[in-house]
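This is what each chain is made of:
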Amino acid sequence: MKADANKRMQTAVVTALIVSALIVAAACALPAFCMGSLNGECLPLLESAREAAIAGDFGTAHELLARAAKIEEAHLPHLKLFFDHNSTAALDLSVRTACDLAITGEASQLIAEIDSAIGSLRFLNGVTQSGPGELL
């Protein structure tokens, strides 16, 4: 009877360890997956909007930035789960401000704001790329 109880206890401990390992793996993988998706969808739009703004094509820049804003807005709740809210707010504010500036045609400010949005996006993406060696 005692051996049977020990076996059940060992099974419970091993099961708990496996479940814990899966939870930790998911907690590490989900932010990277979310940022990979956002980065893949949004970064090309922001870079194209920057090129359009440099060329003086504010209509195209606004269209691209509006698409980027919709994508970023869809990802925002997930980003807030994994990242500091100030970092996610900086990205959101930069994209929305750039979209407004494209309407007014403020070229230099628009380019600076797009650069800020790209920098925020790359920062958040870089956070998810940190390896275990960087934790030591």
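Quick summary incoming for the structure in this document.

About the thresholds
- Residues numbered from 1 in each chain as written.
- Predicted model: local features only at pLDDT ≥ 70, side-chain atom pairs only at ≥ 80, totals over all residues.
- Heavy atoms only, no water.
- Helix = DSSP H or I, 4+ residues; strand = E, 2+ residues; numbered from the N terminus.
- Contact = heavy atoms within 4.5 Å.
- Areas by Shrake-Rupley, 256 points an atom, 1.4 Å probe, with all protein chains shown as cover.
- Lys, Arg positive; Asp, Glu negative; His and termini not counted.
- Charge placed at Lys NZ, Arg CZ, Asp CG, Glu CD.
- Axes fitted to C-alpha atoms, helices over the stretch in contact; angles between N-to-C directions.
- Parallel < 35°, antiparallel > 145°, perpendicular 65-115°, else oblique.
- Left-handed = near helix turned anticlockwise from the far one by under 90°.
- Nonpolar A, V, L, I, M, F, W, Y, C, P; charged D, E, K, R; others polar.
- Patch = residues over 30% accessible without salt bridge, like charges linked within 9 Å, V, L, I, M, F, W, Y side chains within 5 Å.
- Salt bridge = Lys/Arg side-chain N within 4 Å of Asp/Glu carboxyl O.
- Buried < 20%, exposed > 50% of the residue type's maximum accessible area, 1.4 Å probe, protein only.

1. Points about the overall build of the chain
Point 1. Each helix and strand in the chain was counted, giving four helices and zero strands.
Point 2. Order of helices (α) and strands (β) in the chain, N terminus to C terminus: α-α-α-α.
Point 3. Summarising the internal contacts of the chain: among those between residues at least 6 apart in sequence, 71% fall at separations of at least 24.
Point 4. As presented, the chain carries roughly 8300 Å² of accessible surface, and 64% of it is formed by carbon and sulfur atoms.
Point 5. In the chain, 9 positive and 15 negative side-chain charges are present, and the distance between their average locations comes to 17 Å.

2. Remarks on the side chain of Asn125
Point 1. Within the secondary structure, Asn125 sits in helix H4 (residues 107-128).
Point 2. If sequence neighbours within four positions are ignored, Asn125 has contacts with Met35, Gly36 and Asn39.

3. Points about the packing of helix H3 (residues 85-104) against H4
Point 1. In contact at an axis separation of 8 Å, H3 and H4 are set at 155° when each is read in the N-to-C sense. Classified by the angle their axes make, H3 and H4 are roughly antiparallel. Helix-helix and strand crossings are classified by hand; for H3 and H4 the assignment is left-handed. The segment H3 lies against H4, with Ser87, Ala90, Leu91, Ser94, Val95, Thr97, Ala98, Leu101 and Ala102 engaging Gln109, Leu110, Glu113, Ile114, Ser116, Ala117, Ser120, Leu121, Phe123 and Leu124.
Point 2. Its residues placed into classes, the contact of H3 with H4 shows twelve nonpolar, six polar and one charged.

4. Some details on a nonpolar patch on the surface
Point 1. Side chains of Met9, Val13 and Leu17 sit close together on the surface and give an oily, nonpolar patch of about 310 Å² of accessible area.
Point 2. Inspection of the secondary structure assignment puts Leu17 in helix H1 (residues 2-55).

5. Let's talk about the pattern of salt bridges
Point 1. Applying the stated criterion to the full structure yields five salt bridges.
Point 2. The partner of Asp4 in a salt bridge is Arg8, and the shortest N-O contact between them spans 3.6 Å. You can see Asp4 and its partner Arg8 sitting in helix H1, four residues apart, about one turn around the helix.
Point 3. Judged by relative accessible area, Arg8 falls into the exposed class, the value being 53%.
Point 4. Two residues, Glu73 and Arg96, come together in a salt bridge whose shortest N-O distance is 3.4 Å. In this pair, Glu73 is assigned in helix H2 (residues 58-82) and Arg96 in helix H3, connecting sequence segments 23 residues apart.
Point 5. By relative accessible area, which is 45% here, Glu73 ends up partly exposed.
Point 6. Judged by its relative accessible area of 33%, Arg96 falls in the partly exposed class.
Point 7. The network of salt bridges with common partners includes Glu73, Asp92 and Arg96.

6. Focus: the environment of Lys7
Point 1. Turning to its location among the elements, Lys7 is positioned in helix H1.
Point 2. Under the relative-accessibility criterion, Lys7 is labelled exposed at 55%.
Point 3. Spatially, the C-alpha atom of Lys7 lies 38 Å from that of Phe82, the residues being 75 residues apart in sequence.

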